[in-house]
Amino acid sequence: MTIVLTPFWCNGVQKLKKAPQPPPKPAHGLTPPALDDTIHYERCLAQLRSKDKNIEKYIYLSALKEQDPHMFYKVALLHMPEITPLIYTPTVGDACLQYSHIYRRPEGLFISINDKGKIRNVLKNWPRIDEARISVVTDGSRILGLGDLGVNGMPISIGKLSLYIAGAGIRPESTIPICLDLGTNNEKFLADPLYLGLRQRRVSDEAMTAFMDEFMHEMSIAFPKLLIQFEDFSTDHAFLYLERYRNKYPVFNDDIQGTGAVVLSGFLNAAKLSSAASGRPLSSHRILFFGAGSAGVGVGLQLMSFFTLQGLSKEEAREHIYLVDSQGLVYNDRGPLAEHKKVFARNDYHGPPITNLLDIIAHVKPTALLGLSTTKDAFTADVLQAMGALNPRPIIFPLSNPVRLSECNFEDAVENTAGQVLFASGSPFPEMQFNGKTLYPGQGNNMYIFPGLGLGAILARATSVTDSMVEASSLGLAESLTPEERGLGLIYPHIERIREISAFIAKEVIRAAQKANVDHHTELRSMNDKDLTEFINSKMWNPYNGFAKVGNMSHL
Ligand SMILES: O=C([O-])CC(=O)C(=O)O
Ligand SMILES: [Mg+2]
């Protein structure tokens, strides 16, 4: 047996571990004489970097993943900051927009409304039924901030699962990307001869729910060990189906819960820095949400626990959150409100609608402004300056994806707040120099959460994903910063450490599942934290020859 020492996620503890098995070697003569794995890795990187357009890099990496998954994941793990924006947001947004044009080969599972009544037969066609552990399911109706992309949403499921594999060591064979085709209301796609989905408009809510009921039931029978991540469903359906299924099946919604958890985590770290500068207690923060879709309200709900963690009641916590939709501040006297917004509708304002963001800021005096609106540049220089005038260290999180829909960019946020901004965006921005200092933007993207949350839920064999498990993932992420990262003023850890972070989050999630009594893998209960962490690490899939040296979590 071959053994290797200390892969990078082993907490610095020397231990023996079974080496990942190399892929089978082609017979002699079927590869060039001087093919060498290490040099080939350099060759792959050079090929990738020779392409000018990100979409070309995406296409190259897709092909590499199919032809040589070990090499693909090795490249991804060793170059996370470079590769993540190519296989995930923002480039995956372009891949979705162009999917029907750049399509080369099938990947994932497609289930359409025409399969209603016989979904079981479609699921049976999946080649690796017994190995299935995690599926990302989208209906393509709200892909990132890009709207209804129909069956072109498939790359989002594929991209998220690539991050599960790279970031949490889920086995590639255990993942199922799924795109449900319930039609599309995207006129451009319906008129496009190359469009790969059904050429019909979206079905009624009633028909969709009947389809979803059958789909979820058949999934639970075909794949009894499967966790489902709902992704990029339109807002009303995102809430509806999360509530409908969350107590029946192991399922969570990444846009509501994953985004909520990642933002809570960044907010916890940012609020400490902000309160240290202002001298005001943590419990006095006021958060203004610009955007009231599934992400906005989902994040709001999650951020209530920021205040309950400070000792406030739920009712008191709600008072600290303000919501803005396309018609301005959300308050009860304004008129009928969509169901999901009611929770944050204000009762303490009775005047005429306040529609202008600057006026709303003057009324609310927020310490934090969070953007989940997909309205590009909504945080103008005036808005940023107003936040800077109200707070020595304003918290500004433009969270909309992809980059070109961000409410503001890092540079503007820095320049309009004299460099004092505490910043996190959904998609990546480069670091920058300001007054002789390097300032780092945070990336408050759910990619920090879902790999670890999913891994923990899978290893605990959780029968459902509870709010306490989601909160544990968030607190785990907030805690996972190293002293060096805190010294740099970061509010999220370096993405290069994703494996360690995912292992730590998974441990916290497993503990929360045990407390909530939803864990079926009860043998894990008697393990101490060190053994549980080792167990988690031992379950992670590694690309052959893919180890890297990146930090450790010894401070935890
Ligand atoms: O995919 C991402 O980058 C984050 C996300 O879930 C979304 O924006 O819908
Ligand atoms: Mg999403």
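Up top is the structure these notes are about.
Computed from a predicted model, the values in this text were never measured in an experiment.

Definitions and cut-offs
- Residue numbers here run from 1 along each chain, matching the order of that chain's written sequence.
- Each chain gets a letter, beginning with A, and each ligand a number, beginning with 1, in the order they are written.
- The model is predicted, so local features are restricted to residues of pLDDT at least 70 and side-chain atom pairs to those at 80 or more, both for listing and for counting; the totals for chains, interfaces and linings are taken over all residues.
- Side-chain numbers here rest on the full set of heavy atoms in the structure, without hydrogens or water.
- The helix and strand labels rest on DSSP assignments: H or I over at least four residues marks a helix, E over at least two residues marks a strand, and numbering proceeds from the N terminus.
- Each radius of gyration is computed over the set of C-alpha atoms, and the globule rule expresses the reference value as 2.2 Å times the number of residues to the power 0.38.
- Three exposure classes are used, based on accessible area relative to the maximum for each residue type with a 1.4 Å probe and protein chains only: buried under 20%, partly exposed in between, and exposed over 50%.
- Contact definition: two residues touch when any of their heavy atoms are within 4.5 Å.
- For the area figures, the Shrake-Rupley method with a 1.4 Å probe applies, and any residue is considered shielded solely by the protein chains shown.
- Note on method: axes are straight lines fitted to C-alpha atoms, helices fitted across the in-contact stretch only, with angles between N-to-C directions ranging 0 to 180 degrees.
- Oblique is the label for every angle not falling under 35 degrees (roughly parallel), over 145 degrees (roughly antiparallel), or within 65 to 115 degrees (roughly perpendicular).
- A clockwise turn of the near helix away from the far one marks a right-handed crossing, whereas an anticlockwise turn of less than a right angle marks a left-handed crossing.
- Only Asp, Glu, Lys and Arg are considered charged in this grouping, and only Ala, Val, Leu, Ile, Met, Phe, Trp, Tyr, Cys and Pro are considered nonpolar; every other residue, Gly among them, is considered polar.
- Two kinds of site are reported from a 1 Å grid over the protein atoms alone, namely cavities, where a 1.4 Å probe fits but cannot get out, and pockets, open sets with protein on both sides within 12 Å along at least five of seven lines, and residues are called lining when an atom falls within 4 Å of a point.
- Grid points are joined across faces, edges and corners, and a volume is the space filled by probe spheres set on the points.
- Strand pairing is defined by DSSP finding a minimum of two bridges between the two strands.
- Look down the strands so they point away from you; if the path from the first strand over the helix to the second goes clockwise, the crossover is right-handed.
- Only a single heavy atom is needed: when it lies within 4 Å of a molecule or strand, its residue is near that molecule or strand.
- We call two N or O atoms a polar contact when they sit within 3.5 Å, provided that within protein one can donate a hydrogen and the other can accept it, with sequence-adjacent residues counted only if both atoms are side-chain atoms.
- One speaks of a salt bridge when a side-chain nitrogen belonging to Lys or Arg is within 4 Å of a carboxyl oxygen belonging to Asp or Glu.
- Whether two aromatic rings pair depends on their centres lying within 6.5 Å, for rings of Phe, Tyr and Trp, where Trp uses its six-membered ring; planes under 30 degrees apart make the pair stacked, over 60 edge-to-face, and the rest tilted.
- Should the NZ of a Lys or the CZ of an Arg lie within 6 Å of a ring centre and within 35 degrees of the ring normal, that charge is described as sitting over the ring.
- Sodium, potassium and calcium take a 3.2 Å donor cutoff, other metals 2.8 Å, and in both cases only N, O and S atoms count; water is not among them, so sites may look incomplete.

### Some thoughts on the overall build of the chain
Within the chain, the secondary structure is distributed over 22 helices and 16 strands. Relative to the 2.2 N^0.38 estimate, which gives 24 Å for 556 residues, the radius of gyration of the chain is 23 Å and therefore close to what a compact globule would have. Classification of the 556 residues of the chain by burial places 58% in the buried group. Considering only residue pairs separated by 6 or more positions, the chain has 72% of its internal contacts joining residues 24 or more positions apart. Summed over its atoms, the accessible surface of the chain is roughly 22,700 Å², and 52% of this surface lies on carbon and sulfur atoms.

### Considering the packing of helix H1 (residues 37-49) against helix H3 (residues 69-78)
Two elements in contact, H1 and H3, have axes separated by 11 Å at closest approach and are oriented at 70°. With respect to H3, the element H1 is oriented roughly perpendicular. The two elements H1 and H3 cross, and the hand of that crossing is right-handed. Facing Asp 37, His 40, Tyr 41, Cys 44 and Leu 45 of H1, the residues of H3 in contact are Met 71, Lys 74, Val 75 and Leu 78. For the contact of H1 with H3, the per-class residue count stands at 6 nonpolar, 1 polar and 2 charged.

### As for the layout of surface pockets
For the largest pocket, the calculated volume is near 1,300 Å³. Around the largest pocket, the lining is made up of 46 residues, and of these Glu 66, Gln 67, Asp 68, Pro 69 and His 70 lie nearest the centre. When residues of the lining of the largest pocket are traced back to their parent elements, those giving at least two are H1, helix H2 (54-67), H3, helix H8 (154-168) and strand E5 (175-181). Tallied by class, the residues present in the lining of the largest pocket amount to 24 nonpolar, 11 polar and 11 charged.

### Description of the pairing of strand E11 (residues 368-371)
The two faces of E11 match: Ala 368 and Leu 370 on one face and Leu 369 and Gly 371 on the other face are all buried. Direction of pairing for E11 relative to strand E12 (residues 395-398): parallel, over a ladder of 4 bridges. Considered in E12, the bridge of Gly 371 is made with Pro 398. Traced from E11 through helix H16 (residues 381-390) to E12, the parallel crossover comes out right-handed.

### As for the site of ligand 1
Residues in close proximity to ligand 1 include Tyr 88, Thr 89, Arg 142, Leu 144, Lys 160, Glu 231, Asp 232, Asp 254, Asp 255, Asn 401, Asn 445 and Asn 446, which together make up its full environment. Contact between ligand 1 and Asp 232: an oxygen atom at 2.9 Å from a side-chain N or O atom of the residue. Asn 446 places a polar side-chain atom, nitrogen or oxygen, 3.0 Å from an oxygen atom of ligand 1. Considered on its own, ligand 1 offers 260 Å² of accessible surface; in the complex 93% of this is hidden by protein.

### As for the pattern of salt bridges
Scanning the model with the defined rule gives 30 salt bridges in all. Note that Asp 213 is salt-bridged to Arg 244, the shortest N-O span being 2.7 Å. Remark: Arg 244 occurs in helix H11 (residues 235-245) and Asp 213 occurs in helix H10 (residues 205-222); sequence separation between them is 31 residues. A network of salt bridges, in which partner residues are shared, links Lys 65, Glu 66, Arg 105 and Glu 107.

### Some remarks on the sheet that holds strand E8 (residues 287-290)
Ordered in space as E10-E9-E8-E11-E12-E13-E16, the 7 strands form an open sheet in which the pairing is mixed. Pairing within the sheet leaves two strands with one partner each, and these edge strands are strand E10 (328-329) and strand E16 (442-443). In the packing of helix H13 (residues 294-309) onto the sheet, the strands contacted are E8, strand E9 (321-325) and E11, and the crossing angle to E8 comes to about 170°.

### Concerning the sheet that holds E5
Within the open sheet, the 5 strands sit side by side as E3-E5-E4-E6-E7. Their pairing is parallel. Unpaired on one side and paired on the other, strand E3 (109-112) and strand E7 (251-253) mark the two borders of the sheet. Mean inter-strand twist for the sheet, computed between neighbouring axes without regard to direction, equals 25°. Of the pairings in the sheet, the one linking strand E6 (residues 227-231) to E7 comprises 3 bridges and is parallel in character. Residue pairing across strands places Gln 229 opposite Phe 252, the latter belonging to E7.

### Observations concerning the packing of aromatic side chains
Per the stated rule, a full pass over the model turns up 18 aromatic pairs. Relative to Tyr 245, the ring of Phe 230 has its centre 6.4 Å away and its plane inclined at 65°; by these criteria the two rings are edge-to-face. Highlighted residues: Phe 230 in strand E6 and Tyr 245 in helix H11, separated in sequence by 15 residues. Per residue, the accessibility class of Phe 230 equals that of Tyr 245, and both read buried. Taken together through their ring pairs, the aromatic side chains of Phe 230, Phe 233, Tyr 241, Tyr 245 and Tyr 249 make up a single cluster. Note that Lys 74 overlies the ring of Tyr 41, its terminal NZ or CZ placed 4.8 Å from the centroid. For Arg 346, the ring lying beneath its charged end belongs to Tyr 322, and the centroid distance is 3.8 Å.

### Structural notes on the coordination of the magnesium ion (ligand 2)
The magnesium ion (ligand 2) binds to the protein through Glu 231 (OE), Asp 232 (OD) and Asp 255 (OD); the donor distances cover 2.0 to 2.1 Å. Written as a sequence motif, the donor arrangement for the magnesium ion (ligand 2) is E-D-x22-D. Of this pair, Glu 231 sits in strand E6 while Asp 255 sits in helix H12 (residues 254-278), and the two are 24 residues apart along the sequence. Grouping residues by exposure puts Glu 231 and Asp 255 together as buried.

### Some points on the environment of Ile 498
Among the secondary structure elements, Ile 498 is positioned in helix H21 (residues 498-515). It is 27 Å that separates the C-alpha atoms of Ile 498 and Arg 246, two residues lying 252 residues apart in sequence. Not counting residues up to four positions away in its chain, the partners in contact with Ile 498 are Met 80, Gly 167, Met 447 and Tyr 448.

The values reported here are purely geometric and, on their own, carry no functional implication.
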